[in-house]
Amino acid sequence: MGFLRSQLLETRKLPYPSTPYAGQTIVITGSNTGLGKEAARHYARLGASRLILAVRNLEKGQAARKDIETTAAKGTVIDVWELDMAKYASVQAFAARVNVELSRVDIFHANAGVVCPKYSVTEGNETSVTINYVSTFLLAALVLPKLKATAAEFGTRPTLAITNSGAHEHTKFPHMSAAATTIKNGGASDGAILTAVNDQNFAGGAHWKEQYPVSKLLGVFAVRSIAKEHPADRYPVTVNMVSPGLCHSELSREAEGVQKVAFSIMKAAVARTTEEGSRTLVDAGVQGAKSHGQYLADCRIAQPSAVVLDNPGVQDRLWLELKAKLEAIQPGVTENF
Ligand SMILES: NC(=O)c1ccc[n+]([C@@H]2O[C@H](COP(=O)([O-])OP(=O)(O)OC[C@H]3O[C@@H](n4cnc5c(N)ncnc54)[C@H](OP(=O)(O)O)[C@@H]3O)[C@@H](O)[C@H]2O)c1
């Protein structure tokens, strides 16, 4: 009922973005299409000084830039930068560019995401775990110094908004049992939960269909952990997460068979337009300090799933496991949080 109310009633109330962004620099990953592109279009219309479209395919990115420019305010400069979240080296190179080439970053949307109906491994994790979770938080850690520097230099409070999903509620996360004993004993990270998450055959493969929800649930835990370690009143940047609701986009492009049909029927019946969904992203950028560590839905602070609220030990444990992974990619990077 909550889902239908949100899709059918709350969609009409989503505020049409109207904040002026003159002087601001905004970065959006996954912005050659879908929600990221429509969010970029809002920022361009509202006069952001500089917009970085972070995309894995430069040709698609340039096409998006040209399209957005047709409705952009005069003076908005749009650049297309390469970022492939499936490669840690690309994430590192992109973040280095952000830190060196941009004089400020006011809003950073870590929006790129995938649904992977088939099992594959990328950078040592199941692919959606790498793209939606590990790379997303590697990127967050690597760009936070620029957002903090922006806060110090301009006396502002930048926002890092991570696009999450209501789908995170669609798993009871049985994988957490993999670490039950060590959690109970306050044990150190041995990577057991993420090992289970990356194993297609965990529990005989019974939960593979929940992989997208799991990859987003991991992100909910991580944003809450950042805010737990760095509360809003002692942190110059707002880090929040946003559920855009079910929206038309290319997200289900790889779905096949029954899953594809189910997606199509659901989208035809209740999905938000891509533009409507993009309003929730733009809204996350202006929610400010009260939204630090929070999950936003329908442009309001909302509660994440009971799995998150009921398992603070799992959250702490996953934070250790994620930090261990990030440190293995780039030693010292978690100090940036
Ligand atoms: N649409 C929904 O109903 C819905 C609901 C909840 C949450 N979300 C979330 O919203 C975000 C945006 O998705 P969308 O619905 O707009 O889907 P979309 O139209 O498929 O857009 C996803 C974007 O992410 C990019 N991307 C995928 N893999 C990437 C990689 N390895 N490196 C860099 N960029 C990559 C895509 O680039 P390419 O075009 O090159 O693949 C595309 O620009 C995702 O995080 C998704 O999980 C969507």
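An unreviewed UniProt entry annotates the protein as Short-chain dehydrogenase of Apiospora rasikravindrae.

Caption draft 1: View of the overall build of the protein. In terms of helices and strands, the protein carries twelve helices and ten strands. Here the C-alpha atoms of the protein give a radius of gyration of 19 Å, agreeing with the 20 Å that 2.2 N^0.38 yields for 337 residues. Seen through its principal axes, the protein has C-alpha atoms that stretch 60 × 45 × 35 Å. Taken over 337 residues, the protein has a buried fraction of 55%. The long-range share in the protein, meaning contacts at least 24 apart out of those at least 6 apart in sequence, stands at 80%. Accessible surface, the protein as shown: approximately 14,000 Å² in total, 55% of it carbon and sulfur.

Caption draft 2: Focus on the packing of helix 8 (residues 211–229) against helix 12 (residues 312–329). Where helix 8 contacts helix 12, the axes come no closer than 9 Å and their chain directions differ by 90°. Classified by the angle between their axes, helix 8 and helix 12 sit roughly perpendicular to one another. On the side of helix 8, the interface is formed by L218, F221, A222, R224, S225, I226, K228 and E229, while helix 12 contributes V314, Q315, D316, L318, W319, L322 and K323. Residues belonging to the contact of helix 8 with helix 12 are distributed by class as follows: eight nonpolar, two polar and five charged.

Caption draft 3: Structural view of the sheet that holds strand 7 (residues 159–163). Taking strand neighbours across the sheet as the criterion, the eight strands line up as 3-2-1-4-7-8-9-10 in an open arrangement whose pairing is mixed. Of all the strands in the sheet, the pair left with one neighbour each is strand 3 (77–82) and strand 10 (300–302). Each strand axis lies, on average, 25° off the axis of its neighbour in the sheet, ignoring direction. With three bridges joining them, strand 9 (residues 295–297) and strand 10 adopt antiparallel strand pairing.

Caption draft 4: Examining unusual backbone geometry more closely. Its identity is not glycine, yet A203 carries a phi of approximately 50°, on the positive side. Tracing the backbone through its elements, the reader meets A203 in the loop between helix 7 (192–197) and helix 8.

Caption draft 5: Structural context of the pattern of salt bridges. The final tally for this structure, using the stated rule, is 18 salt bridges. The salt bridge partner of D79 is R50, with a shortest N-O separation of 2.7 Å. Taken as a pair, D79 in strand 3 and R50 in strand 2 (residues 50–55) lie far apart in primary sequence, 29 residues in all. A salt bridge links E250 to R253; its shortest N-O distance comes to 3.8 Å. On the basis of relative accessibility, which here comes to 44%, the residue R253 falls in the partly exposed class. Linked by salt bridges that have partners in common, K37, E38, R41 and D67 make up one network.

Caption draft 6: Helix 3 (residues 58–69), seen in detail. For helix 3, with twelve residues, the first-to-last C-alpha span of 16 Å sits near the 16 Å given by 1.5 Å per residue. Within helix 3 the residues assigned to the buried category are G61, A64, R65 and I68. Each buried residue of helix 3 sits inside an arc of 105° when the element is viewed along its axis, so together they form one side. The exposed set on the far side of helix 3, more than 90 degrees from its buried face, consists of E59 and K66. For helix 3, the elements touching its buried residues are helix 2 (34–45), strand 2 and strand 3. Measuring from the backbone nitrogen of E59 back to the side-chain oxygen at the start of helix 3 gives 3.0 Å, which picks out N57 as the cap.

Caption draft 7: Representation of the packing of helix 2 against helix 3. Contact geometry of helix 2 with helix 3 gives a least axis separation of 10 Å together with a crossing angle of 40°. When the interaxial angle is binned, helix 2 and helix 3 end up oblique. Judged by the twist between their axes, the crossing of helix 2 over helix 3 is right-handed. Taking contact as the criterion, the partners of K37, A40, R41 and A44 in helix 2 are, on helix 3, A64, D67 and I68. Of the residues in the contact of helix 2 with helix 3, the class split is four nonpolar, no polar and three charged.

Caption draft 8: Structural view of the site of the ligand. In the region of the ligand, 30 residues are neighbours, and N32, R56, N111, Y212 and S249 sit closest. Taking D84, its side chain carries an N or O atom lying 3.0 Å from a nitrogen atom of the ligand. Contacts to the ligand include Y212, whose side-chain N or O atom sits 2.6 Å from an oxygen atom. The fraction of the free accessible surface of the ligand (890 Å²) that becomes covered by protein chains is 97%. Of all the secondary structure elements, the ones that give two or more residues to the shell around the ligand are helix 2 and helix 8. Here the residues of the shell around the ligand are counted per class, giving twelve nonpolar, twelve polar and six charged.

Caption draft 9: Expanded view of the packing of aromatic side chains. With the rule as written, the count across this model stands at six aromatic pairs. An angle of 40° between the planes, with centres 6.2 Å apart, marks the rings of F173 and F221 as tilted. Residue F173 is found in the loop between strand 7 and helix 6 (180–184), and its partner F221 is found in helix 8; the two are separated by 48 residues along the sequence. For F221, a relative accessible area of 1% gives the class buried. Over the aromatic face of W81 sits the side chain of R97, whose NZ or CZ is 4.0 Å from the ring centroid.

Calculation notes
- Residue positions are counted from 1 within each chain, in the order its sequence is given.
- It should be noted that, the model being predicted, local features are given only for residues of pLDDT at least 70 and side-chain atom pairs only at 80 or more, the latter also being counted only at that level, while totals for whole chains, interfaces and linings use all residues.
- In computing side-chain properties, one takes all heavy atoms of the structure into account and sets aside hydrogens as well as water.
- Helix and strand definitions here come from DSSP, where helices need a minimum of 4 consecutive H or I residues and strands a minimum of 2 consecutive E residues; each element is numbered from the N-terminal end.
- Between the two quantities, the radius of gyration covers C-alpha atoms and the globule rule is 2.2 Å times the number of residues to the power 0.38.
- Under the scheme applied here, a residue whose accessible area is under 20% of the maximum for its type counts as buried, over 50% as exposed, and between as partly exposed, the area being computed with a 1.4 Å probe on protein chains only.
- We call two residues contacting when some pair of their heavy atoms lies within 4.5 Å.
- Accessibility throughout is a Shrake-Rupley quantity obtained with a 1.4 Å probe, and a residue counts as covered only by protein chains that appear here.
- To define axes, lines are fitted to C-alpha atoms, for helices over the stretch in contact only, and angles between the resulting N-to-C directions are given on a 0 to 180 degree scale.
- Between 65 and 115 degrees an angle is taken as roughly perpendicular, under 35 as roughly parallel, over 145 as roughly antiparallel, and anywhere else as oblique.
- Classes in brief: Ala, Val, Leu, Ile, Met, Phe, Trp, Tyr, Cys and Pro nonpolar; Asp, Glu, Lys and Arg charged; the others, Gly included, polar.
- Paired strands are those between which DSSP finds at least two bridges.
- A side-chain nitrogen of Lys or Arg and a carboxyl oxygen of Asp or Glu constitute a salt bridge if their distance falls within 4 Å.
- The span one expects for a helix is its residue count, reduced by one, times 1.5 Å.
- The directions from the helix axis to the C-beta atoms form the arc being described.
- Polar contact is defined as a pair of N or O atoms within 3.5 Å, subject to the rule that within protein one atom must be able to donate a hydrogen and the other to accept it, and that residues adjacent in sequence are counted only when both atoms are side-chain atoms.
- Crossing handedness is defined as follows: a turn of the near helix away from the far one that is anticlockwise and smaller than a right angle gives a left-handed crossing, while the clockwise case is right-handed.
- A single heavy atom is enough: if one lies within 4 Å of a molecule or strand, its residue is considered near that molecule or strand.
- When the centres of two rings from Phe, Tyr and Trp lie within 6.5 Å, Trp using its six-membered ring, the rings pair. Their planes under 30 degrees apart give stacked, over 60 give edge-to-face, and anything left gives tilted.
- The rule is short: NZ of Lys or CZ of Arg within 6 Å of the ring centre and within 35 degrees of the ring normal puts a charge over the ring.

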